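In case you want the letters, here they are:
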Amino acid sequence: ERQRLNRLIHTAALTLDGHKVELLANIEMPEDTVGAVKVGAAGVGLFRSEFLFMGRTGRLPDEQEQYLAYRKAVEGMNGLPVTIRTVDIGSDKPLDRLVGKTQDGQLNPALGLRAIRWSLADPPMFLTQLRAILRAAAHGPVNLLVPMLAHGSEIRQTLSLLDFARATLDNKGIAYGPVQLGAMIEIPAAALTLKLFLKYFDFLSIGTNDLIQYTLAIDRADEAVAHLYDPCHPAVLRLIADTIAECNAQGKGVSVCGEMAGDVTMTRLLLGLGLRSFSMHPSQILAVKQQVLRADAGKLTPWAAQVLASEEPAALL
Ligand code: PEP
Ligand code: MG
C-alpha cells in the first residue's frame, strides 16, 4: 500500500471535479522539512516553534538561534510557503522547569497561561521571536500564525508588538521580509467571533485538537475521558463548518492543521464543507491525497450538509 501511495508523490492534488487542494506539512523542527519535501508537501502549514523551546535545561533560544532555525525551515522548503506558529508553550507542551518558567501551581494548565497568553505575558521574549520570524521571511515566503487567540485585545496587542518588532529591525538596519498574518481558530470563542478575526488576519487555521478539547470540555491528555473526545460532535463540526464558510465567503485563506486534517476518514467531509487546504503530519499526506483524488467535491457538498445536521455524524462517514 505504501508503494502504491508513493506513486502519488508527483500527482497534483485535484478532486475528480477539478478542485485544487493544498496538502501541507506539520513540522516540529527545521530538519522535518526534508520529510515534507519528500512526500510532495505544498508547503509547511504548521511549524510548531515551541519545540525549539522545549527540552532545554538552560536559557531559551535567543534571536539569532531562532532566526537560523526558521531560516533553515524556509530554505528547506525551496520557495514553498512556511507557516511559523509563535510558541504554544503550556498545557500539554511544558517548558523544562529549569528554564525558570514553570506551570507549578497552575490549577488548569489547558485553561491557563498558554500559547499567546504566555507570549504576551513576556513582551521581550515575544519580540525576540517576532524579530527572528520577520528576519527569516527575507529568505522565502513566510506566514506568521498566532495560537490560542480569543480576545480582541490580544489580537491588537499582538499586532502592535509585531509593528514594534519591525520598527526595531528598521532602526538597526536589519533585513526582514513580508509575512502573511494568520490566527489559529482553536477556542470556541474565536470560532464564534469570526468577523473580528477576519478584520485583522489574512488567513485562519483551524486547530481541531484544541477546538475539540475546549468545545467539549474534554482534556485532550486525559485518558479517563478520551472516549468522549469526539471530532464529529455536531457542535465541533458546526464551528469548523462556519469558519470554513465565512473564510470562503470573504476570500480569505483557511486551513485545518489539527489531527483531523490527516485523518483519511474525515477528508471527504472537510472537502464537502469547502475546505481546500489541509495541514498534517507528513506521513499522512499521500493517504489524504488518495482520498482527494477519489472525491467529487460537488457531490460532497449536499452530503456534508446532511452530516452536519445529523445527530450521529460519525455514523454517516
Ligand atoms: C490544534 O490544536 O489542533 C493544533 C494544531 O495545535 P496543537 O496540537 O499544537 O495544540
Ligand atoms: Mg492547539
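Note that this is a predicted model, so its numbers are computed, not measured.

About the criteria used
- Residues numbered from 1 in each chain as written.
- Chains lettered and ligands numbered in written order.
- Predicted model: local features only at pLDDT ≥ 70, side-chain atom pairs only at ≥ 80, totals over all residues.
- Helix = DSSP H or I, 4+ residues; strand = E, 2+ residues; numbered from the N terminus.
- Rg over C-alpha atoms; globule rule 2.2 N^0.38 Å.
- Buried ≥ 20, exposed ≤ 12 C-beta atoms within 10 Å, placed from the backbone.
- Near = placed C-beta within 6 Å.
- Nonpolar A, V, L, I, M, F, W, Y, C, P; charged D, E, K, R; others polar.
- Core = buried A, V, L, I, M, F, W, Y, C linked by C-beta atoms within 7 Å.
- Contact = placed C-beta atoms within 7 Å.
- UniProt positions renumbered as here; feature names shortened; annotations may be inferred.
- Pairing = 2+ DSSP bridges.
- Right-handed = clockwise from strand over helix to strand, strands pointing away.
- Axes fitted to C-alpha atoms, helices over the stretch in contact; angles between N-to-C directions.
- Left-handed = near helix turned anticlockwise from the far one by under 90°.
- pLDDT = per-residue confidence, 0-100.
- Expected span 1.5 Å × (residues − 1).

A. Representation of the overall build of the chain. On a plain count of helices and strands, the chain comes out with 13 helices and eight strands. Whereas a compact globule of 317 residues would reach a radius of gyration of roughly 20 Å, the chain reaches 19 Å, a difference of no more than 12%. Its C-alpha atoms give the chain principal-axis dimensions of about 55 × 45 × 35 Å. A total of 317 residues make up the chain; the buried ones form 45% of that total.

B. Main features of the site of ligand 1. Neighbouring ligand 1 are the residues Leu-46, Arg-48, Asp-88, Glu-186, Gly-207, Thr-208, Asn-209, Asp-210, Cys-257 and Gly-258. Within the residue set of the shell around ligand 1, elements represented by two or more residues are β2 (44-48) and α9 (208-216). With three residues, α9 is the largest single contributor of residues to the shell around ligand 1. Of the residues that constitute the shell around ligand 1, the class distribution is two nonpolar, four polar and four charged.

C. Highlighting the nonpolar core. Ranked by internal contacts, the top residues of the largest apolar core, which has 92 residues, are Val-44, Ile-133 and Phe-278. Beyond its immediate sequence surroundings of up to four residues, Val-44 is in contact with Leu-24, Ala-25, Ile-27, Thr-33, Ala-36, Ala-73, Met-77, Val-82 and Thr-83.

D. Local environment of the UniProt feature "binding site: phosphoenolpyruvate" (unreviewed entry) in the chain. Per the UniProt record, "binding site: phosphoenolpyruvate" (unreviewed entry) is annotated on Arg-48, Arg-85, Asn-209, Asp-210 and Arg-220. Relative to the helices and strands, Arg-85 is located in strand β3 (residues 82-85). Excluding its chain neighbours within four sequence positions, the residues that come into contact with Arg-85 are Leu-46, Phe-47, Arg-48, Ser-49, Leu-145 and Pro-147. Assignment of secondary structure puts Asp-210 in helix α9.

E. Expanded view of the pairing of β3. Here β3 shows a buried face lined by Val-82 and Ile-84 and a second buried face lined by Thr-83 and Arg-85. Bridging between β2 and β3 involves three bridges; their strand directions are parallel. Along β3, the bridge assignment pairs Phe-47 with Ile-84. As a crossover connection, the stretch from β2 through helix α3 (residues 63-76) into β3 is right-handed.

F. Structural context of the packing of helix α5 (residues 123-136) against helix α6 (residues 152-172). Two elements in contact, α5 and α6, have axes separated by 9 Å at closest approach and are oriented at 65°. In terms of crossing hand, the pair formed by α5 and α6 is right-handed. Note on element contacts: α6 touches α5 through Leu-161, Leu-162, Phe-164, Ala-165, Arg-166, Thr-168 and Leu-169, opposite Pro-123, Phe-126, Leu-127, Leu-130, Arg-131 and Leu-134. Classifying every residue of the contact of α5 with α6 gives 10 nonpolar, one polar and two charged.

G. The UniProt feature "binding site: Mg(2+)" (unreviewed entry) in the chain, seen in detail. The positions that UniProt labels "binding site: Mg(2+)" (unreviewed entry) are, in the present scheme, Glu-186 and Asp-210. A stretch of 25 residues holds the annotated residues, and the largest C-alpha distance among them is 5.3 Å, short enough that they meet in one place. Secondary-structure assignment places Glu-186 in the loop between β5 (179-185) and α7 (188-191). Setting aside anything within four residues of it in sequence, one finds Glu-186 in contact with Pro-147, Met-148, Gly-207, Asp-210 and Leu-211.

H. Structural view of the environment of Ser-310. Among the secondary structure elements, Ser-310 is positioned in the segment after α13 (297-309). Residue Ser-310 is classed as partly exposed on the basis of its 14 C-beta neighbours within 10 Å. Ser-310 sits 77 residues away from His-233 along the chain, and the two C-alpha atoms are 9.7 Å apart.

I. Representation of the confidence of the model for the chain in the model. Per-residue confidence for the chain gives a mean pLDDT of 95, with 97% of residues at or over 70. Confidence metrics for the complex model read pTM 0.97 and ipTM 0.99.

J. View of α13. Under the 1.5 Å per step criterion, the end-to-end length of α13 is 18 Å for 13 residues, consistent within 8% with the ideal 18 Å. When we look at burial in α13, the residues that qualify are Ala-297, Leu-300, Ala-304 and Val-307. Tucked inside the fold, the buried residues of α13 contact α11 (267-272).

K. Up close: the packing of α3 against α5. One can describe the packing of α3 onto α5 by two numbers: an axis separation of 8 Å at closest approach and a directional angle of 35°. For α3 against α5, the interelement crossing comes out right-handed. Between α3, through Glu-63, Gln-66, Tyr-67, Tyr-70, Arg-71 and Val-74, and α5, the contact on the second element is made entirely by Thr-128, Gln-129, Arg-131, Ala-132, Ile-133, Arg-135 and Ala-136.

L. Layout of the environment of Lys-172. Looking at the secondary structure, you find Lys-172 in helix α6. Between the C-alpha atoms of Lys-172 and Asp-88, which are 84 residues apart in sequence, the distance is 28 Å.

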